[in-house]
Amino acid sequence: QVQLVEAGGGLVQPGGSLRLSCSASGSIFNVDAMGWFRQAPGKERELVATITLDGSTNYADSVKGRFTISRDNGKNTMYLQMNSLKAEDTAVYYCRTAQKIVYGSYQWNYWGRGTQVTVSS
């Protein structure tokens, strides 16, 4: 079992910045990658960014150039640095882990409870 706890959300003005963190505890033997999802009110949950054990990253087109995902394997912690925030970034942001099942393929397993990010003037 893996427990995930997000932190760092809050209220910011457009153009501002926030850094989210996700701390993992428990058994991490089957955690090979991690990712950030977000869900705005009335909308489906969407993938924001992912990072693998070797540091490979991917981003949704909507956040490229503004968000940076990183991971500290020694601390079992993942981060999401969010810059140039827009109103449409308002959502609950969730941390998630994944297990590698075959080369280049992952299976999502655990969810965090989420942290609220609100971007408003």
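Above this text you will find the structure in question.
For clarity, every value in this text was computed on a predicted model and none was experimentally measured.

Asker: Requested: an account of the sheet that holds strand E1 (residues 2–7), with residues and values cited.
Answerer: In spatial order, the strands read E1-E3-E8-E7; together these four strands make up an open sheet with antiparallel pairing. Only two strands of the sheet have a single partner each, and these edge strands are E1 and strand E7 (67–72). Within this sheet the neighbouring strands show an average axis-to-axis angle of 15 degrees, counted without direction. Two strands pair when backbone bridges link them, and strand E3 (residues 18–26) and strand E8 (residues 77–82) are joined in this way by six bridges, in the antiparallel orientation. Note that in E8 the partner of Ser23 across the bridge is Thr77.

Asker: Tell me about the pattern of salt bridges, and please be specific about residues and values.
Answerer: In total, this model carries four salt bridges according to the counting rule given. The residue Asp89 makes a salt bridge to Arg38 at a minimum N-O spacing of 2.9 Å. Of this pair, Asp89 sits in the loop between E8 and strand E9 (91–102) while Arg38 sits in strand E4 (residues 33–39); the two residues are 51 residues apart in sequence, bridging distant segments of the chain. Across the pair, Arg38 and Asp89 agree in class, each one buried. Residues Lys64 and Asp61 are paired through a salt bridge, measuring 3.1 Å at the closest nitrogen-oxygen approach. Through salt bridges with shared partners, one network takes in Arg38, Glu46, Arg66 and Asp89.

Asker: Now, about a nonpolar patch on the surface: what can you tell me, with residues and values included?
Answerer: There is a patch of nonpolar side chains on the surface, built from Ile101, Val102 and Tyr103 and spanning about 390 Å² of accessible area. With respect to the secondary-structure elements, Ile101 resides in strand E9. Classification of Ile101 as exposed rests on a relative accessible area of 55%.

Asker: Summarise the side chain of Thr90; cite the residues concerned and give the values.
Answerer: Following the sequence through the fold, Thr90 ends up in the loop between E8 and E9. For Thr90, the side chain forms a polar contact with the main-chain oxygen of Ala87, separated by 2.9 Å. Looking at Thr90, its side chain comes within polar contact range of the main-chain nitrogen of Val119, at 2.9 Å. Beyond its immediate sequence surroundings of up to four residues, Thr90 is in contact with Ala40, Gln116, Val117, Thr118 and Val119.

Asker: Go over the side chain of Thr97 with me, naming the residues and quoting the values.
Answerer: Its place among the elements puts Thr97 in strand E9. Here Thr97 falls in the buried class, since its relative accessible area comes to 0%. In this structure the side chain of Thr97 is engaged in a polar contact, spanning 2.3 Å, whose partner is the side chain of Asn109. If we skip the residues at most four places from it in the chain, Thr97 touches Leu4, Val31, Ala33, Met34, Gln107, Trp108, Asn109 and Tyr110.

Thresholds, definitions, all that
Residues numbered from 1 in each chain as written. Predicted model: local features only at pLDDT ≥ 70, side-chain atom pairs only at ≥ 80, totals over all residues. Heavy atoms only, no water. Pairing = 2+ DSSP bridges. Helix = DSSP H or I, 4+ residues; strand = E, 2+ residues; numbered from the N terminus. Axes fitted to C-alpha atoms, helices over the stretch in contact; angles between N-to-C directions. Salt bridge = Lys/Arg side-chain N within 4 Å of Asp/Glu carboxyl O. Buried < 20%, exposed > 50% of the residue type's maximum accessible area, 1.4 Å probe, protein only. Patch = residues over 30% accessible without salt bridge, like charges linked within 9 Å, V, L, I, M, F, W, Y side chains within 5 Å. Areas by Shrake-Rupley, 256 points an atom, 1.4 Å probe, with all protein chains shown as cover. Polar contact = N/O pair within 3.5 Å; in protein donor to acceptor, adjacent residues only side chain to side chain. Contact = heavy atoms within 4.5 Å.

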